Amino acid sequence: MKVIVTGGAGYIGSHTVVELVNAGYDVVLMDDLSNSSIDMLDKIGDVIGKKICFIKVDLSDSDACAKAFKTHVDAKAVIHFAAFKSVPESISKPNEYYRNNIGSLLNVTTSMEKYDMPYLVFSSSCTVYGDTKELPVKESTPMLPPNSPYGHTKQLGEHILKNLSSTLASKIKSIALRYFNPVGAHPSGMIGELPNGVPGNLMPFITQTAAGFRQQLSVFGDDYNTPDGTAVRDYIHVVDLASAHVKALDYMQSEKSKEKYQVFNVGTGNGSSVLEVIQSFERTSGEKLNYKIAPRREGDIAMIYADAKYTMETINWSAKYNLDDMTGSAWAWEKKLRGL
Ligand code: UD1
């Protein structure tokens, strides 16, 4: 079956392309390369042992999106990653976030309707839960007001798909995967996270600091109401997250899948504090990390982690990697990238 992967040159997208190809899917990758590099295509090709079909396209441009989809009308599924993902940037450029994240989604669903493509997997995020106190979060945990325009675009994206699914005329069946915190890199060391400029996320900041590209990591806050005072997240290995997309696609085509719209948490169910991540990194890398305690970062919440039972039972998925695998593979990738 042919699958269009939008944003497939990005961090999660590239790992998902590899898992899809390994599972026997035929992949078409669409990306505008606004937050990724053309080199990623060669790297994906090296991992899977063949060239990947690629179309450079900005999917927030409705004509360009329709044109790109028209060249692959035999595709049956779309995995839609293409979106902006920085929380602070979304606060400074909300208009861009709504235009790109919502515009692209609507253009993709419009083309899917037009060309009768039945299956859609949407990249959502645990950010849709807002600053919830109901932990661990279940899919049924109510969404609270979003902490950022980025978070709002994910909530809106889910609402759009839910509303589409309740329209009798719509033939699209969709699944929203609520990602927790993806980290780590492919075991080959060929693909991994490569943020533009100064990393906003914890793991690339850690590895770039250890590699000597950043002077010091700031731990944002040690006065949260958590076991060691630093914020707690549910880190998930990017390869485990990628495999959840394959499982979701397999499931949607099976007899078991009856609903036209479903949401699933994709996390390990384990919360780790920032200090625990640092300790894991030091253990697996053998490097001493230069860090200091700094004030809290605006918009951060104290603690969130998943209840992933429903995902495990329904789509037959489970996480294989632990925190040490995540920090170890992130470091292996950084070292390879920098020739260390
Ligand atoms: C948030 C969103 C996530 C979204 C991601 C996109 C929530 C709960 N999570 O992740 O859904 O996909 O942004 O970027 O809204 N930290 C430091 N120092 C640093 C960087 C981070 O201490 O230099 C801390 C943060 O305060 C946080 C943890 O590390 O406690 C993880 O931060 P980060 O990797 O940026 O991800 P989230 O903000 O959790």
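Owing to the predicted nature of the structure, the values given are computational and were not obtained by experimental measurement.

S.K.: Describe empty space enclosed by the protein, and please don't skip the residues or the numbers.
M.R.: The full count for this structure, using the stated rule, is two cavities of 30 Å³ or more. Considering only enclosed or pocket space, the largest cavity measures out at about 70 Å³ in volume. The wall of the largest cavity is formed by Tyr11, Val183, Gly184, Ala185, Glu193, Met203, Pro204, Thr207, Ala330, Trp333 and Glu334. Its residues assigned to classes, the lining of the largest cavity comprises seven nonpolar, two polar and two charged. Here the second largest cavity defines a volume of roughly 60 Å³. Forming the boundary of the second largest cavity are His80, Phe81, Ala82, Ala83, Asn101, Ile102, Phe122, Ser123, Thr153, Lys154 and Gly157. For the lining of the second largest cavity, the elements supplying multiple residues, two or more each, are helix 5 (94–114), strand 5 (119–125) and helix 6 (149–165). Top element by residues in the lining of the second largest cavity is helix 6. It accounts for three residues. When grouped by side-chain class, the residues that make up the lining of the second largest cavity number five nonpolar, five polar and one charged.

S.K.: Outline the environment of aspartate 58, supporting the account with residue identities and numerical values.
M.R.: Examined against the element boundaries, aspartate 58 turns out to sit in the loop between strand 3 (53–56) and helix 3 (62–70). Judged by its relative accessible area of 31%, aspartate 58 falls in the partly exposed class. Taking the C-alpha atoms as reference, aspartate 58 lies 12 Å from phenylalanine 69; in sequence the two are eleven residues apart. Sequence-distant contacts of aspartate 58, that is, excluding residues within four places in its chain, are made with Asp32, Ala64 and Asn100. A polar contact of 2.7 Å, which involves the side chain of aspartate 58, links it to the side chain of serine 60.

S.K.: Can you lay out the sheet that holds strand 3 for me, pointing to particular residues and giving the numbers?
M.R.: The strand order across the open sheet formed by seven strands is 3-2-1-4-5-6-11, and the pairing between neighbours is parallel. Of all the strands in the sheet, the pair left with one neighbour each is strand 3 and strand 11 (261–266). Going across the sheet, the axis of each strand differs from the next one's by a mean of 20°, ignoring polarity. The pairing of strand 1 (residues 2–6) with strand 4 (residues 77–80) spans four bridges and is classified as parallel. Residue pairing in the sheet places isoleucine 4 in a bridge with valine 78 of strand 4.

S.K.: Kindly report on the domain arrangement of the chain, identifying the contributing residues and their values.
M.R.: For the chain, the domain assignment lists domain 1 (2–183 + 237–266) and domain 2 (202–233 + 269–338). Of the residues lining the interface, 29 residues belong to domain 1; the matching set on domain 2 comes to 25 residues. Here domain 1 meets domain 2 over a buried area of about 2400 Å², counting both sides, of which 65% is carbon and sulfur. Of all residues in domain 1, Val183, His237 and Asp240 bury the most surface against domain 2, accounting for 24% of the area lost on that side. Where domain 1 touches domain 2, the interface holds one salt bridge. The salt bridge involving aspartate 307 is made with lysine 138; its shortest N-O contact spans 3.9 Å. At the boundary of domain 1 with domain 2, the tally comes to 13 residue pairs in polar contact (both at pLDDT 80 or more). Secondary structure elements with two or more residues in the side of domain 1 that touches domain 2: strand 7 (181–183), helix 8 (238–252) and strand 11.

The rules behind these values
- Residues numbered from 1 in each chain as written.
- Predicted model: local features only at pLDDT ≥ 70, side-chain atom pairs only at ≥ 80, totals over all residues.
- Heavy atoms only, no water.
- 1 Å grid on protein atoms, 1.4 Å probe; cavity = no way out; pocket = protein on both sides within 12 Å on 5 of 7 lines; lining within 4 Å.
- Points joined across faces, edges and corners; volume = space filled by probe spheres on them.
- Nonpolar A, V, L, I, M, F, W, Y, C, P; charged D, E, K, R; others polar.
- Helix = DSSP H or I, 4+ residues; strand = E, 2+ residues; numbered from the N terminus.
- Buried < 20%, exposed > 50% of the residue type's maximum accessible area, 1.4 Å probe, protein only.
- Contact = heavy atoms within 4.5 Å.
- Polar contact = N/O pair within 3.5 Å; in protein donor to acceptor, adjacent residues only side chain to side chain.
- Pairing = 2+ DSSP bridges.
- Axes fitted to C-alpha atoms, helices over the stretch in contact; angles between N-to-C directions.
- Domains from an automatic or database assignment.
- Buried area = accessible area lost by both parts, 1.4 Å probe.
- Salt bridge = Lys/Arg side-chain N within 4 Å of Asp/Glu carboxyl O.

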